[in-house]
Amino acid sequence: MKRPKRNIGKSVKQSNTRRNYDTDLFKWSFKDCFYEHQSWGTLGACELIVEIIYKLESYETQIWTDLKNASGGKRDKGGSNNHFIDATKLPNPLRKEYIRRNLMESYDRVFSLRLTGTKRLIGYVRQGVFYILWYDPNHQIFPCSI
């Protein structure tokens, strides 16, 4: 006797857990950069290469965990040089641009990456890649509290 065919559809189980990229090497991209922002215009070619590109390349040898746990600076007492910040804390004009480009829907936090002294890059992280949005030469987008 023939058995009736069963309709077995492929079921795809959705995973509620996100992959943790903390043990991956740091990667970066200028793909979504807000080039129109005034701070990018303050950079000369040498400064862009020496202070940003070289620093990003040096971070490529570190894993995300080490990068996020890096601390230092005169006033830093146990804090981290590189950390996530709630995107709703972006200054109003930057927050509006972030929302306009539909980034807030997927990335409710931005990442602040210390270059040197007061210089920071602000962006978002997707699948272990840091997407640079803004250059913050004077630590003014998210001023540190003393």
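Residues numbered from 1 in each chain as written. Predicted model: local features only at pLDDT ≥ 70, side-chain atom pairs only at ≥ 80, totals over all residues. Heavy atoms only, no water.

Quick notes on the sheet that holds strand 3 (residues 109-116)
- Strand order in the open sheet made by the five strands is 1-5-4-3-2, with mixed pairing throughout. Because the sheet does not close on itself, it has two edges, and the strands there are strand 1 (27-29) and strand 2 (83-86). Averaged over all pairs of adjacent strands, the angle between their axes in this sheet comes to 40°, without regard to strand direction.
- Contacting strand 1, strand 3, strand 4 (119-126) and strand 5 (129-136), helix 2 (residues 45-59) runs over the sheet at an angle of about 110° to strand 3. (Pairing = 2+ DSSP bridges. Helix = DSSP H or I, 4+ residues; strand = E, 2+ residues; numbered from the N terminus. Axes fitted to C-alpha atoms, helices over the stretch in contact; angles between N-to-C directions. Contact = heavy atoms within 4.5 Å.)

Considerations on a nonpolar patch on the surface
- A contiguous nonpolar surface patch, about 350 Å² in accessible area, is contributed by Leu48, Ile49, Val50 and Tyr54.
- Note on placement: Ile49 falls in helix 2.
- Of the residues examined, Ile49 reaches a relative accessible area of 40% and is grouped as partly exposed. (Patch = residues over 30% accessible without salt bridge, like charges linked within 9 Å, V, L, I, M, F, W, Y side chains within 5 Å. Areas by Shrake-Rupley, 256 points an atom, 1.4 Å probe, with all protein chains shown as cover. Salt bridge = Lys/Arg side-chain N within 4 Å of Asp/Glu carboxyl O. Buried < 20%, exposed > 50% of the residue type's maximum accessible area, 1.4 Å probe, protein only.)

Focus: the packing of aromatic side chains
- Tallied over the entire structure, the rule returns 13 aromatic pairs.
- Between Phe30 and Trp40 the ring centres are 5.9 Å apart and the planes differ by 75°, which places this aromatic pair in the edge-to-face class. Remark: Trp40 occurs in helix 1 (residues 38-41) and Phe30 occurs in the loop between strand 1 and helix 1; sequence separation between them is ten residues.
- Relative accessible area serves as the criterion here: at 11%, Trp40 is assigned to the buried category.
- When the ring of Trp40 is compared with that of Tyr135, the centres are 5.8 Å apart and the planes differ by 35°; the resulting orientation is tilted. Here Tyr135 lies in strand 5 and Trp40 lies in helix 1, a separation of 95 residues in the sequence. (Phe/Tyr/Trp six-rings, centres within 6.5 Å; stacked < 30°, edge-to-face > 60°.)

Side note on helix 2
- The terminal C-alpha atoms of helix 2, which comprises 15 residues, lie 20 Å apart, in line with the 21 Å expected from a rise of 1.5 Å per residue.
- At Ile53, helix 2 is bent by approximately 25°, the largest bend along its length.
- Along helix 2, the positions that sit buried rather than exposed are Ile52, Ile53, Leu56 and Tyr59.
- As for helix 2, its buried residues are in contact with strand 1, helix 1, helix 3 (64-69), strand 3, strand 4 and strand 5. (Expected span 1.5 Å × (residues − 1). Bend = angle between axes of the 7 residues up to and from the residue.)

A word on helix 4 (residues 92-100)
- Those residues of helix 4 that fall on the buried side of the exposure criterion are Leu94, Glu97 and Tyr98. End-on, the buried residues of helix 4 take up no more than an arc of 100°, which puts them together on one face. What points out from helix 4, more than 90 degrees from its buried face, is the exposed set Pro93, Lys96 and Arg100.
- Buried residues along helix 4 sit against strand 3, strand 4 and strand 5.
- Directly after helix 4, the chain includes Asn102, whose backbone phi takes a positive value near 60°. (Arc of directions from axis to C-beta.)

With respect to the confidence of the model for the chain
- Residue-level pLDDT values for the chain average 82, and 80% of them are 70 or greater.
- Here helix 1 stands out as the least confident element of the chain, with mean pLDDT 79; strand 1 is the most confident, with 95.
- Low pLDDT (under 50) marks residues 10-16, which in the prediction has zero contacts with non-local residues, meaning those over four places away or in another chain. (pLDDT = per-residue confidence, 0-100.)

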